[in-house]
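Architecture and fold: a report
Each chain is listed here by its residues.
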Amino acid sequence: MLHIPQFHGVAGAYPGPVTGPPSKLSRFSNSFFRAMEVLVRDVTGGRHQLVPMTLLEILRGSKDYLKRSGVQAARLEAEVLLAHVLGLTRLDLYLQFDRPLTEPELTDLRSLLRRRAGGMPVAYLTGEREFFGLRFSVREGVLIPRPESELVVELALARQAAGARTIVGADLGTGSGCLGIAIAVGAPSARIDAVDISPTAVQVARSNAAQLGVSDRVTVLQGSWGQPLAGRGPYNLIVSNPPYVTSLELMALEPGVRDFEPKLALDAGRDGLVPYRDLLVELSKLAAPDATVLLEVDPRRSGAVAKLAWESWPSAALKLHRDPSGRERVLEVTLG
Ligand SMILES: C[S@@+](CC[C@H](N)C(=O)[O-])C[C@H]1O[C@@H](n2cnc3c(N)ncnc32)[C@H](O)[C@@H]1O
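I will try to describe carefully the structure that is included in this document.

Scoring rules and cut-offs
Residues numbered from 1 in each chain as written. Predicted model: local features only at pLDDT ≥ 70, side-chain atom pairs only at ≥ 80, totals over all residues. Pairing = 2+ DSSP bridges. Helix = DSSP H or I, 4+ residues; strand = E, 2+ residues; numbered from the N terminus. Core = buried A, V, L, I, M, F, W, Y, C linked by C-beta atoms within 7 Å. Buried ≥ 20, exposed ≤ 12 C-beta atoms within 10 Å, placed from the backbone. Domains from an automatic or database assignment. Contact = placed C-beta atoms within 7 Å. Near = placed C-beta within 6 Å. Nonpolar A, V, L, I, M, F, W, Y, C, P; charged D, E, K, R; others polar. Axes fitted to C-alpha atoms, helices over the stretch in contact; angles between N-to-C directions. Parallel < 35°, antiparallel > 145°, perpendicular 65-115°, else oblique. Left-handed = near helix turned anticlockwise from the far one by under 90°.

Here we take up the pairing of strand E4 (residues 134-137). Across 4 bridges, the pairing between strand E3 (residues 128-131) and E4 is antiparallel. Among the inter-strand pairings, arginine 129 is bridged to a residue of E4, identified as phenylalanine 136. In this structure, the hairpin formed by E3 and E4 is closed by a connection of 2 residues, where phenylalanine 132 is found at a positive phi of approximately 50°.

Our focus in this paragraph is the nonpolar core. Among the nonpolar cores identified, the biggest contains 78 residues, and Ala182, Ile183, Ala184 and Ile238 are the most heavily contacted of them. In terms of residues, this core owes the most to one element, helix H8 (residues 178-186), which gives 7 residues. The residue makeup of this core includes at least three contributed by each of domain 1 (11-118) and domain 2 (141-334). In this view, isoleucine 183 contacts Val153, Ala156, Leu157, Ile167, Gly169, Ala190 and Ile192; residues no more than four positions away in its chain are not counted.

Around the ligand, the structure places 21 residues, and the nearest of them are Gly173, Gly175, Ile197, Asn241 and Ala265. For the shell around the ligand, the secondary structure elements donating two or more residues are H8 and strand E6 (191-196). For the shell around the ligand, the per-class residue count stands at 12 nonpolar, 8 polar and 1 charged.

Note that leucine 86 resides in helix H3 (residues 74-86). Linking leucine 86 and threonine 102, residues 16 residues apart in sequence, is a C-alpha distance of 9.8 Å.

Turning our eyes to something else, we now look at the packing of helix H12 (residues 274-286) against helix H13 (residues 302-312). Their axes nearest at 10 Å, the elements H12 and H13 cross at an angle of 30°. By the angle between their axes, H12 is roughly parallel relative to H13. Once H12 is placed against H13, the crossing between them reads as right-handed. Contacts between H12 and H13 involve Tyr276, Arg277, Leu280 and Ser284 from the first element and Val305, Leu308, Ala309 and Ser312 from the second.

Rendered as C-alpha cells:
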C-alpha cells in the first residue's frame, strides 16, 4: 500500500483555504500546493521514494490551478509566472522540463499563483509589460500599457517620417511613460515632455525612461495635463491616452482591471469625456500652429471626442484611425 507521509518542513508556506468548508477549488488548491512540495513515486520494484516534482509537472498543476480560479489564459500565465520565478524566458522553460524546483522557488511561485488567483494582473506580479517591443516596468498605481495604444506610437512615428521633422512632443497622462518613451526610442532626435498627475506614475515613467536609455530626451513632470508645461512649448506633436471609462462603466469592468488598476487612470466621469474637455482647453495653448495631436479614444465615444476637438479647432483636419480589431481608437487632429 502506498504510504503518504506528513510533511512538516514547509507547512508555513502552504496558503490553505481561508475559512469555511472546503470548496472544490480549495480542495484542489490543497492537494496541488501540497503536491508541489514533494511527489510520491514508485521508482523501484515496490519501493517508494520522495521525488521533487519536475518543472513540467509544476507547470501543469499551476495551469490547472489558475484555470479553476477562472483565469482565461491559464497555460500562458502559468508559463509567464514560472519563467519569472526562475529568471528564464518562456522558451527556456521548454528546454528544462525535467528540472526540479528548489523550495525557495516553489515558495515564490505559490505566492504568485495565489495572488493571481485572487485577481491581480500578471503584469503587476512580474513587474513588467512589453509595449511596442520594449519592456516597461509597471507596478500597482500605474496603468498597465495596452496593445491597442501602440497605434498612437505608430501614427506618431509615421507622421514624423513623412514630414521629416524633429519631434518636439508632449505626452499627457503618461502613466508608465509608454507612449512618449516608445516615440523617443523610435525617433532618436525626438524630445518629449511627459506629464502625469500621479506621483507613482511619474516615478515609474522616469525609471522606464532611464532603463530604456532615453532619459536625456524624455523629461517627466508631475502636474495636471498641460500645467507643468507652461513656457516649455510649443509642441509639434501631442499624444495622450487619457482616462476614458464612464464612472458607471468602471463598476462593470472586469475585476482584474476594476480592483487593481488605478481609478485615476480609468475614471473619466459621468459621460467619459471629462478629461478630453480639460485637455482640449490646455492643448490649444501648447500646440504649435502645424501640430499633430493624437488622442486615444474609447471606440464608443470616438464621434463625441471628434466633435469636442472640432469645437476647439474648427479649421483642423480630423481623422479617426482604427485599431487592429477594426475599432475607432485614435483621433488625429492636424492643425494648420
Ligand atoms: C489611461 S492612463 C494612460 C497611461 C499611459 N499613457 C498608457 O497609455 O498606458 C491615463 C493617465 O492619465 C493620468 N491622469 C489622470 N488625470 C490626470 C491629470 N489631470 N493630469 C495629468 N495626468 C492625469 C493618470 O494618472 C494615468 O496615468
